[in-house]
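Remarks on the overall topology
Below are the chains, spelled out letter by letter.
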Amino acid sequence: MVKNGQSGSALLNLRTNKVCGLIIISLDTRQDIGGRGVPVSVIYEYFPELRKLQAVKENPFIPLTEPIKIYQDLFGRDEIIEGIFDILNAGGSVALVGEIKTGKTSTLKAVQELAIDKLSKKRKVVYLDLGNIFEDNDFYFALCDEVGINVENVQPPTGYLFFREIRKYRILLLLDGIEQMTWVGFTAPLRSQIRSLANDSDPPFRLVVAANKPLTQLFADSGQDSPFEGICQELFLNPWNATIIEDFITLRLSQTNIQFSEEEVKIIINDSQGNPQKVMQYCYELYKSKS
């Protein structure tokens, strides 16, 4: 509720915990129906000198190692995210293939965040990091736990019992690091069941799986074909090109008083080879040396 006397107060974006505007009026001081505000972009348009005064003082090139958890902070992946939802809404599943530290986890997190708005048919979104799951029972237990299937005596249902329970649901299953399903604890029957549950006109699962190798190179122990081949359409998460890197640096520096020279940017482009995490790290160190 916006009360009398709050005009000129800051509006806070609860997602980013940053000021996004200023309050200008209450819609009704007697009822809890909010008010109106002016966004920061408009304020900067009329008072451009304020942008310099509000320059970011902390290093803008973060996080250095952990995934981007908020879609708004993800850069250069809009096209591939749109491609993922195009395939999902056409009735398919996706394999997101990319080298280590190219942003697969960050992209999956963005899909998780955007699914409620972008899926044409509602599905419960379940994200599983296979780095924390070591064998078949672990997988079944984790999935049941996320879906809300009661697991009695810490013994998850498997095989047909699992199928009987899971077919009641419609799930968008995001599997991060499926190459780890080649570990000894994972079996071909589990992978076969995942495939079966995603292979129908309206299956319990739609999949978005992330891997560091193409599907044809994974799961040699499962038979002639990868269990995800023919189910998941591969989309390749390519390194950033020079234009994306330049735009990324410009954006991150836009609210600071520091600039990188053309030569410094060229060095970052060449040394990083387009790897987003390396770009972030090189920019972080360069910014630090200039601040």
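Computed from a predicted structure; not experimentally measured.

A separate point is the overall build of the protein chain. What the protein chain contains, in helices and strands, is 10 helices and eight strands. For the protein chain, buried positions account for 40% of its 291 residues. Considering only intrachain contacts with a sequence separation of at least 6, the fraction spanning at least 24 residues in the protein chain is 66%. Summed over its atoms, the accessible surface of the protein chain is roughly 16700 Å², and 49% of this surface lies on carbon and sulfur atoms.

A grouping of Glu246, Asp247, Glu262 and Glu263 is seen on the molecular surface, where their side chains present a negatively charged patch. The set of elements that each furnish at least two residues to the negative patch consists of α8 (242-253) and α9 (262-272). Positionally, Glu246 belongs in helix α8. The class for Glu246 is partly exposed, based on a relative accessible area of 39%.

This part is about the pattern of salt bridges. Pairs can form between side chains of opposite charge whenever their charged atoms are close. Considering all chains together, one arrives at six salt bridges under this definition. A salt bridge links Glu165 to Lys168; the nearest nitrogen and oxygen atoms lie 3.4 Å apart. Asp202 is the partner of Arg170 in a salt bridge, and the nearest nitrogen-oxygen pair spans 3.4 Å. Placement of the pair is Arg170 in the loop between α6 (159-166) and β6 (171-176) and Asp202 in the loop between α7 (188-197) and β7 (205-211), with a sequence separation of 32 residues.

Moving on to the nonpolar core. Membership of the largest hydrophobic core comes to 35 residues, with the highest contact counts inside it found for Phe139, Leu173, Ile178, Phe205, Leu207 and Phe228. Those elements that provide at least two residues to this core are β5 (124-129), α5 (136-147), α6, β6, α7 and β7. Broken down by element, this core gets its largest block of residues, six residues, from α5. Other than its neighbours up to four places away in sequence, Phe205 contacts Arg123, Leu143, Phe162, Ile166, Ile171, Leu173, Ile194, Leu197 and Ala198.

A few words on the layout of surface pockets. By volume, the second largest pocket is sized at about 600 Å³. Forming the boundary of the second largest pocket are 29 residues, of which Pro67, Lys101, Gly103, Thr105 and Ser106 lie nearest the centre. Mapped by element, the contributors of at least two residues to the lining of the second largest pocket are α4 (104-118), α8 and α10 (276-290). Looking at side-chain class alone, the lining of the second largest pocket contains 11 nonpolar, nine polar and nine charged residues.

Here the focus is the side chain of Gln277. Here Gln277 is to be found in helix α10. Using a relative accessible area of 17% as the deciding quantity, one classes Gln277 as buried. Only 3.2 Å separates the side chain of Gln277 from the backbone oxygen of Thr65, close enough to count as a polar contact.

The omega torsion across Ile62 and Pro63 is 0°, close enough to zero to call that bond cis. One non-glycine residue, Lys101, lies in the positive phi region at around 65°. Summarising the element assignment, Lys101 is placed in the loop between β4 (93-97) and α4. Overall, Lys101 belongs to the partly exposed group, its relative accessible area being 43%. Backbone geometry at Gln273 places phi at a positive 55°, although glycine is not the residue there. Structurally, Gln273 is set in the loop between α9 and α10. With relative accessibility at 62%, the residue Gln273 sits in the exposed group.

The next thing to look at is the packing of aromatic side chains. In this structure the tally under the stated criterion is 10 aromatic pairs. When the centroid spacing of 6.1 Å and the interplanar angle of 10° are considered together, the rings of Phe134 and Trp183 count as stacked. Highlighted residues: Phe134 in the loop between β5 and α5 and Trp183 in the loop between β6 and α7, separated in sequence by 49 residues. An angle of 45° between the planes, with centres 5.9 Å apart, marks the rings of Tyr160 and Phe163 as tilted. With a gap of three residues between them, Tyr160 and Phe163 both fall in helix α6, about one helical turn apart. When its relative accessible area of 52% is taken as the criterion, Tyr160 is described as exposed.

What counts, and at which threshold
- Residues numbered from 1 in each chain as written.
- Predicted model: local features only at pLDDT ≥ 70, side-chain atom pairs only at ≥ 80, totals over all residues.
- Heavy atoms only, no water.
- Helix = DSSP H or I, 4+ residues; strand = E, 2+ residues; numbered from the N terminus.
- Buried < 20%, exposed > 50% of the residue type's maximum accessible area, 1.4 Å probe, protein only.
- Contact = heavy atoms within 4.5 Å.
- Areas by Shrake-Rupley, 256 points an atom, 1.4 Å probe, with all protein chains shown as cover.
- Patch = residues over 30% accessible without salt bridge, like charges linked within 9 Å, V, L, I, M, F, W, Y side chains within 5 Å.
- Salt bridge = Lys/Arg side-chain N within 4 Å of Asp/Glu carboxyl O.
- Lys, Arg positive; Asp, Glu negative; His and termini not counted.
- Charge placed at Lys NZ, Arg CZ, Asp CG, Glu CD.
- Core = buried A, V, L, I, M, F, W, Y, C linked by side-chain atoms within 4.5 Å.
- 1 Å grid on protein atoms, 1.4 Å probe; cavity = no way out; pocket = protein on both sides within 12 Å on 5 of 7 lines; lining within 4 Å.
- Points joined across faces, edges and corners; volume = space filled by probe spheres on them.
- Nonpolar A, V, L, I, M, F, W, Y, C, P; charged D, E, K, R; others polar.
- Polar contact = N/O pair within 3.5 Å; in protein donor to acceptor, adjacent residues only side chain to side chain.
- Phe/Tyr/Trp six-rings, centres within 6.5 Å; stacked < 30°, edge-to-face > 60°.

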